[in-house]
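As a plain string of letters, each chain reads:
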Protein chains: 2
Amino acid sequence: MRVLLVENDKMIGSAVRDHVSSSGHAVDWAEDLRTARDLQAVASYELVLLDLGLPDGSGLDLLREMRRRGDAAAVLILSARDQIASRIEGLNAGADDYLTKPFDLAELRARVSAVSRRYLSQPSPERRIGPLGIDSANRKVTRDGETLALSAREWAVLERLARSPGAIVAKSEIEDALYAFGAEVESNTVEVYVLRLRKKIGREMIATVRGMGYQLVGNGG
Amino acid sequence: MRVLLVENDKMIGSAVRDHVSSSGHAVDWAEDLRTARDLQAVASYELVLLDLGLPDGSGLDLLREMRRRGDAAAVLILSARDQIASRIEGLNAGADDYLTKPFDLAELRARVSAVSRRYLSQPSPERRIGPLGIDSANRKVTRDGETLALSAREWAVLERLARSPGAIVAKSEIEDALYAFGAEVESNTVEVYVLRLRKKIGREMIATVRGMGYQLVGNGG
DNA sequence: ACAAAGCTGACACGGGCCTGAACGCGCCGG
DNA sequence: CCGGCGCGTTCAGGCCCGTGTCAGCTTTGT
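Residues numbered from 1 in each chain as written. Chains lettered and ligands numbered in written order. Predicted model: local features only at pLDDT ≥ 70, side-chain atom pairs only at ≥ 80, totals over all residues. Heavy atoms only, no water.

A. Representation of the environment of L161 of chain A within the structure. Residues and elements named next belong to chain A. The topology assignment puts L161 in helix α6 (residues 152-163). On the accessibility criterion, L161 (0% relative accessible area) is buried. Put simply, L161 and V217 are 56 residues apart on the chain and 9.4 Å apart in space, counted from C-alpha to C-alpha. Contact partners of L161, with chain neighbours within four places excluded, come to V169, I174, I206, Y214 and L216. (Helix = DSSP H or I, 4+ residues; strand = E, 2+ residues; numbered from the N terminus. Buried < 20%, exposed > 50% of the residue type's maximum accessible area, 1.4 Å probe, protein only. Contact = heavy atoms within 4.5 Å.)

B. Examining the pattern of salt bridges more closely. Going through the model one piece at a time under the given rule, you end up with 19 salt bridges over all chains. Among the salt bridges present, the one from R160 of chain B reaches E173 of chain B, with a minimum N-O distance of 2.7 Å. Residue R160 of chain B is located in helix α6 (residues 152-163), and its partner E173 of chain B is located in helix α7 (residues 171-178); the two are separated by 13 residues in the primary sequence. A single salt-bridge network, built from bridges that share partners, covers R143, D144 and E204 of chain A. (Salt bridge = Lys/Arg side-chain N within 4 Å of Asp/Glu carboxyl O.)

C. Molecular detail of the sheet that holds strand β12 (residues 168-169) of chain B. Residues and elements named next belong to chain B. The sheet built from three strands is open, its strands ordered β12-β14-β13 with antiparallel pairing. Taken across any chain shown, the strands that pair with only one partner, and hence form the sheet edges, are β12 and β13 (206-209). Relative to strand β14 (residues 213-216), β13 is paired through four bridges, and the arrangement is antiparallel. Note that in β14 the partner of V209 across the bridge is G213. Packed on one face of the sheet, α6 meets β12, β13 and β14 and runs near 75° to β14. (Pairing = 2+ DSSP bridges. Axes fitted to C-alpha atoms, helices over the stretch in contact; angles between N-to-C directions.)

D. Spatial organisation of the nonpolar core. Residues V157, L158, L161, I206 and L216 of chain B are the most contacted members of the largest nonpolar core, which totals 27 residues. Contributions of two or more residues to this core are made by β9 (132-135), α6, α7, α8 (189-201) and β14 of chain B. Sort the elements by how many residues they give to this core and α6 of chain B lands first, with six residues. One finds L161, L178, V194 and L197 of chain A within the second-largest nonpolar core, a separate group that totals 23 residues. (Core = buried A, V, L, I, M, F, W, Y, C linked by side-chain atoms within 4.5 Å.)

E. Representation of the packing of α6 of chain B against α8 of chain B. All names here are of chain B. Following both chains from N to C, one finds α6 and α8 inclined at 85°, their axes separated by 9 Å at the closest point. Looking at the two axes, α6 sits roughly perpendicular to α8. The residues of α8 that touch α6, namely those facing R153, E154, V157 and L158, are Y193, V194, R196, L197, K200 and I201. Looking at the contact of α6 with α8, its residues break down into six nonpolar, no polar and four charged. (Parallel < 35°, antiparallel > 145°, perpendicular 65-115°, else oblique. Nonpolar A, V, L, I, M, F, W, Y, C, P; charged D, E, K, R; others polar.)

F. Quick peek at the protein's contact with DNA strand D. Taken together, 23 residues are adjacent to DNA strand D, and S151, Y193 and R196 of chain A together with S151 and R196 of chain B come closest. Within 4 Å of the protein, atoms of DNA strand D come from sugar and phosphate in 58% of cases. Measuring from a base oxygen of DNA strand D, one finds a side-chain N or O atom of R210 of chain A at 3.3 Å. Contacts to DNA strand D include S151 of chain B, whose side-chain N or O atom sits 2.5 Å from a phosphate oxygen. At the level of elements, α6 and α8 (189-201) of chain A together with α6 and α8 of chain B are the ones that each hand at least two residues to the surface near DNA strand D. Residue composition of the surface near DNA strand D, grouped by class: eight nonpolar, eight polar and seven charged. (Near = heavy atom within 4 Å. Polar contact = N/O pair within 3.5 Å; in protein donor to acceptor, adjacent residues only side chain to side chain.)

G. Molecular detail of the packing of aromatic side chains. In the structure shown here, the tally under the stated rule is zero aromatic pairs over all chains. Sitting above the plane of the Y193 of chain B ring, R196 of chain B keeps its charged end 5.3 Å from the centroid. (Phe/Tyr/Trp six-rings, centres within 6.5 Å; stacked < 30°, edge-to-face > 60°. Lys NZ or Arg CZ within 6 Å of the ring centre and 35° of its normal.)

Read these as layout, nothing more, since geometry by itself doesn't imply function.
Here it is as C-alpha cells:
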C-alpha cells in the first residue's frame, strides 16, 4: 500500500515514517502542502496521513481538494488540536479518522493496518450485488450498466451496506460509517439517506428490518 | 458478534451494554471475575470488554488466563487508570486495545466495530441446529435454506436458546436476554414470544420442560 | 378431578420508520 | 456581486407493525 505522509515536524515525521514503513508499506514524506501536491501529481496513494498545522496552509485544504477531484484515498488526520470542533471539521471535510497528538505509535499502526485490510479484502475492483455494480476504488455505482450519481453521504451508506451484503446492519453502524466518531447527529439522518438511496438504486434493494437495521438484499443469489 | 462485558459498575455497565447491543451485537454482562469465567465456560466470545478494577481480582488475571489457554478473542480494556504503566502492562498481557474512562461511547462503538469487521471477513460463522441455520453476525436465520424474517424480540429469544443448544433455559434467563436489567415485565411475555418463534421456525424446534424452561432441540444429530 | 403451568388468539398502544418539505451553506456561472 | 443549484440536515405529520397485556382454553402432574 502506498502511503503519503504530510508532516512538517522532523522528529514526528521520521518516527511515523519508520514505523509505518516497517509495517510493509511504501511511505512518501512531504513536509509541506506544495510537496504533497507535487507527489500526488505523479503517484497515487491509498492512504494519506495528514498533519493540519503546516507552514504553507492547513492540511484541511489539501483534503478538500482531494475530495473535490474525486480522490477516494483514505485520509487519517494527525493533529495536536484535540478540540471537538476541528475534529468535526476534519471529518466533514472527508477524513476517515482522526488521531490527536501525542498518539501511540502502536495505535497509528493499528489504524493503518485497518485501512490496508480494507483494500486487500477487495481483490476485484467491481463488486456485483444483484443488478448493482459497486466500484469502490472509483466511488462509482452502476445499475443495469447505467452509472448512477450518488452524493457523498449516499455513497457512504451504500458502501457500508455493501460491506456485508445480506447482513442486517444496525442504524448506529451506518451512522458510524457516515460520521466516524466524535460527531453527533440529532435526527433521522440515516433514514433520510436510506430513502434517497432507495430512490436511486431501487427501493427493493434495501430492506428494513424493524428495530434492527437495514439490509442490502443480494437478490437472493 | 458475541461480546462479554466484564464491569462491576452498574451505571457504566448498563450504558455500555445498551450501546454495544444497539449496534447489533449480543452482549453478556458479568459483574465480577467469577461470573465472567462461568460465562466463558459455556459460551465463546469474539470480544471481551474488560474492566480492571473488579471486586474479586484484577481483569488482567482473566486476560492472562485466556491467553494461556489459547483464547484468541479480542480484548478491549476499559480502565480508569490512565497511567502509561498499566497501559503497557495490559498490552503486554495480550490486550488489543485500551480505553481510559471516561471514554466516549461513540469511540467505544467504533472500536467494537473495528473488531467486528475483522471477524466478519472470516468464513461463515453460521451455526447449524437441525434444519436451522443461525448466523449471529448477520442476524439471519434460515430454515431449509430459506431465510426467515424474525422480529427483534423473536431473534433475541432464539439466540438465547441457541447459545446452549440442547440445554434447558429457564424462563427468567430468557427474560434477562430480552430486557435490560431492571425492566419490568408483568405478564407471560416469554411464553408469547416462544409461541411466535415456534410458528416461524417450526413447533418441534423448541421443547417445553414444564416447571423448568425451554429447550432448543438439536434434533439429536 | 383439581390445580398449576403453559398455550393461543385478539387487541390497543407506542414508537420506529417513511416521506415531503424547508432551511442553511458552499459552490458555480452569469 | 448576486442568484441558482446541489447537498446536508432538520422537522413534522402520518402510517404501520412490533410489542405487551389479557382472557380463556388446553395440557400436565399428582
